[in-house]
Amino acid sequence: LALYGLTRFLARPVFAVEEVCIDAGLAYVPVSGVWLIAYTAGFPLLTFDPTIILLTAVHFTFISLGGLVIAGMTGRRLYGAGAWPVYRVIAVLTVLSPALVAVGITFTQFAGRLWLEAGSVVVLAASFLMLALLYISGGLPERRAARVLIVPSALALFVTMGFALAYSLGRFTGLWLVSIATMVQWHGWLNAVGFVFFGLLAWNMAVPNANLSAPGIPFSRLPWRWRIGPDFLQRTGAVDDKPASMPTGIVDRLQDYESANFDPSTVLPTLVAFYEFTAAHELRVYPEWQPGFGLLSRIYKRISQRLGQMNFPTHPETRETLISSEILPLSDDLDGREQVRGWVRVYSETEQAVYVAAYAAHRYQGIHYMNIAFPLPLGNLTSILRLETAKVYHGGLLLTSFSERRGDQGVYFAFPASAVRLPINETIRVYSASSLYDGYPTNFAVGEIVAEHKMWLFGLHFLTLHYSIVRISTGEATTP
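Residues numbered from 1 in each chain as written. Predicted model: local features only at pLDDT ≥ 70, side-chain atom pairs only at ≥ 80, totals over all residues. Heavy atoms only, no water.

*Asks:* Teacher, can you tell me more about the pattern of salt bridges here?
*Replies:* Here the structure, examined in full by the defined rule, presents 14 salt bridges. The closest approach of N and O atoms between Arg 76 and Glu 19, which form a salt bridge, is 2.7 Å. With Arg 76 in helix H4 (residues 50-78) and Glu 19 in helix H2 (residues 17-27), the pair connects residues that are 57 residues apart, well separated along the chain. The class for Arg 76 is buried, based on a relative accessible area of 14%. (Salt bridge = Lys/Arg side-chain N within 4 Å of Asp/Glu carboxyl O. Helix = DSSP H or I, 4+ residues; strand = E, 2+ residues; numbered from the N terminus. Buried < 20%, exposed > 50% of the residue type's maximum accessible area, 1.4 Å probe, protein only.)

Take a look at the structure:
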């Protein structure tokens, strides 16, 4: 169950708090399992009394798993409603509070810090009581029978959380005492049967749809190697010797990417020619590593140079400035996607690889995505980019990986059996040289086309690659 929750979380292109509630509930399950095994084996886990060990296993089943699944379903219903901002805060607290209670009780056991236990219980009780108010006021299921079950589920929380507060605050103040037997009867049983059983039964009768699209991404199945290098596609047999047509660019027709946010008729012809006749262009690159990333850039350079992939320059004035390109037809059968072509970029002076990538496209829910696979050891880094013109001026275009709830765009690591959304993002803005963007290096050559490639890691902007692009040949299609 925990592994299923982890794969749900890692594959999701965005942080959807209501879905994270469900993921977290599944992730808590092994905690319950460990404490249940300790109880049945008679193992004195952390010197706790056997009864407390058993009740801890129960706690992480009903409040953590059951309660958080109910919280997630409630969030699906509340998404976009007026109470949504409040729900987001409450949802985060419900995810954290079961662990806080466990930590508070543990510290109380060893250090006698009763205020930690009491404080953590206050957070848990307040978050779940607010959750109950939210789903009674606006997060009820659509089916009437399910609503009938949700009401006693919510009302049970007011009793059970009242007892939780009474137990902890009584221990903290010493003014009263609530016994474990009373807690089992009024807190435990009501949580299990009233809150969780009726709540899960209701949401199983009327499962709300998730408020984000499931990824529809076809990932590349190119074989991986420990070293990539400029001849990788030939070494792996990925090059198609008898293609139906010879590709000349990373796209066949930019027009195919038309969508609500991308109007290809506004893109300048020189930019269209670059995408449709890519190999006919020469690139110069100017790296701009952000302050604080100097050491990281040098470490990264050593790795990428040996790997022969995503080999970015560290300084502007080096032999790694001029880049030549080659477009190769690739085998769709080997790759698993359609109309795949390789774009191999090498430094002209050193003949070392900059990028070795397999380009394809896929369409999902009305949007045409650029689907780019960069072979790496153990799999490939896949960048899914959405094209836009609405946010770019003077006939330029934007490619972005920044995710939305409805969309495939993002940067993933695709293993042979699964894919994981990485905390990496990139944007590529491409313009005509007649409309230089702010920040273009004043001491860098200006070609017919200029591009700004920005990259982020964990939300931190760490690198910008500035490109100057010049057409060097007609790039007409040739017969293979």
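*Asks:* Where do I start with the environment of Ala 27 in this structure?
*Replies:* Tracing the chain through its elements places Ala 27 in helix H2. Taking the C-alpha atoms as reference points, Ala 27 and Leu 65, separated by 38 residues in sequence, lie 8.2 Å from one another.

*Asks:* Help me understand the environment of Leu 169, please; the structure alone is not making it clear to me.
*Replies:* If you trace the backbone, Leu 169 turns up in helix H7 (residues 144-173). With 99 residues separating them along the chain, Leu 169 and Leu 268 place their C-alpha atoms 69 Å apart. Beyond its immediate sequence surroundings of up to four residues, Leu 169 is in contact with Ala 118, Gly 174 and Trp 176. (Contact = heavy atoms within 4.5 Å.)

*Asks:* Would you explain the packing of H7 against helix H8 (residues 180-205) in this entry?
*Replies:* If you want to describe how two helices pack, look at the angle between their axes and the distance between the axes. Packing of H7 against H8 brings their axes to within 8 Å, and their N-to-C directions diverge by 155 degrees. The angle between H7 and H8 places the two elements in the roughly antiparallel class. As H7 runs across H8, the sense of the crossing is left-handed. Classifying every residue of the contact of H7 with H8 gives 22 nonpolar, seven polar and no charged. (Axes fitted to C-alpha atoms, helices over the stretch in contact; angles between N-to-C directions. Parallel < 35°, antiparallel > 145°, perpendicular 65-115°, else oblique. Left-handed = near helix turned anticlockwise from the far one by under 90°. Nonpolar A, V, L, I, M, F, W, Y, C, P; charged D, E, K, R; others polar.)

*Asks:* Looking at this structure, I do not really get the pairing of strand E5 (residues 367-376). What am I missing?
*Replies:* Look at any regular strand and the pattern is simple: side chains alternate between the two faces of the sheet. Across the 10 residues that make up E5, a large majority, nine, are buried. Judged from the seven bridges that link them, strand E4 (residues 353-364) and E5 form a sheet pairing that is antiparallel. Looking at the pairing, Tyr 359 lines up with Ile 372 of E5. Between the antiparallel neighbours E4 and E5 lie two residues, among them Gln 365 with a positive phi of about 50 degrees. Of the pairings in the sheet, the one linking E5 to strand E6 (residues 379-388) comprises eight bridges and is antiparallel in character. Bridging from a neighbouring strand, Phe 374 pairs with Leu 381 of E6. Adjacent in sequence and paired antiparallel, E5 and E6 are bridged by two residues, among which Leu 378 carries a positive phi angle near 80 degrees. (Pairing = 2+ DSSP bridges.)

*Asks:* When you look at the nonpolar core in this model, what are you seeing that I'm missing?
*Replies:* Counting residues in each nonpolar core, the largest one holds 61 residues, and the members touching the most others are Tyr 275 and Met 370. In terms of residues, this core owes the most to one element, E4, which gives eight residues. Beyond its immediate stretch of four places on either side in the chain, Met 370 contacts Val 251, Tyr 257, Tyr 275, Tyr 359, Ala 360, Ser 383, Ile 384, Leu 385, Leu 387 and Leu 399. (Core = buried A, V, L, I, M, F, W, Y, C linked by side-chain atoms within 4.5 Å.)

*Asks:* Which parts of the structure should I look at to understand the packing of aromatic side chains?
*Replies:* Two numbers describe a pair of aromatic rings. These are the distance of the centres and the angle of the planes. Taken as a whole and assessed by the stated rule, the structure comprises 24 aromatic pairs. Aromatic side chains Tyr 28 and Phe 60 sit 5.6 Å apart centroid to centroid with 45 degrees between the ring planes, which places their arrangement in the tilted category. Of this pair, Tyr 28 sits in the loop between H2 and helix H3 (29-41) while Phe 60 sits in helix H4, and the two are 32 residues apart along the sequence. Since its relative accessible area comes to 13%, Tyr 28 is described here as buried. Consider the rings of Trp 224 and Trp 226, whose centres lie 5.1 Å apart with planes at 85 degrees: the pair is edge-to-face. Accessibility expressed as a relative area gives 30% for Trp 224, which makes it partly exposed. Among the aromatic residues, those joined into a cluster by ring pairs are Trp 289, Phe 293, Tyr 300, Phe 312, Tyr 355, Phe 374 and Phe 462. One residue, Arg 421, lies across the ring of Tyr 412, its end atom 5.9 Å from the ring centre. (Phe/Tyr/Trp six-rings, centres within 6.5 Å; stacked < 30°, edge-to-face > 60°. Lys NZ or Arg CZ within 6 Å of the ring centre and 35° of its normal.)

*Asks:* Whenever I open this one, the side chain of Thr 314 confuses me. Can you help?
*Replies:* Considering the arrangement of structural elements, one finds Thr 314 in the loop between helix H11 (294-307) and strand E2 (322-329). In this structure the side chain of Thr 314 is engaged in a polar contact, spanning 2.9 Å, whose partner is the side chain of His 315. (Polar contact = N/O pair within 3.5 Å; in protein donor to acceptor, adjacent residues only side chain to side chain.)

Fair warning: the whole summary comes from geometry, so function is off the table for now.
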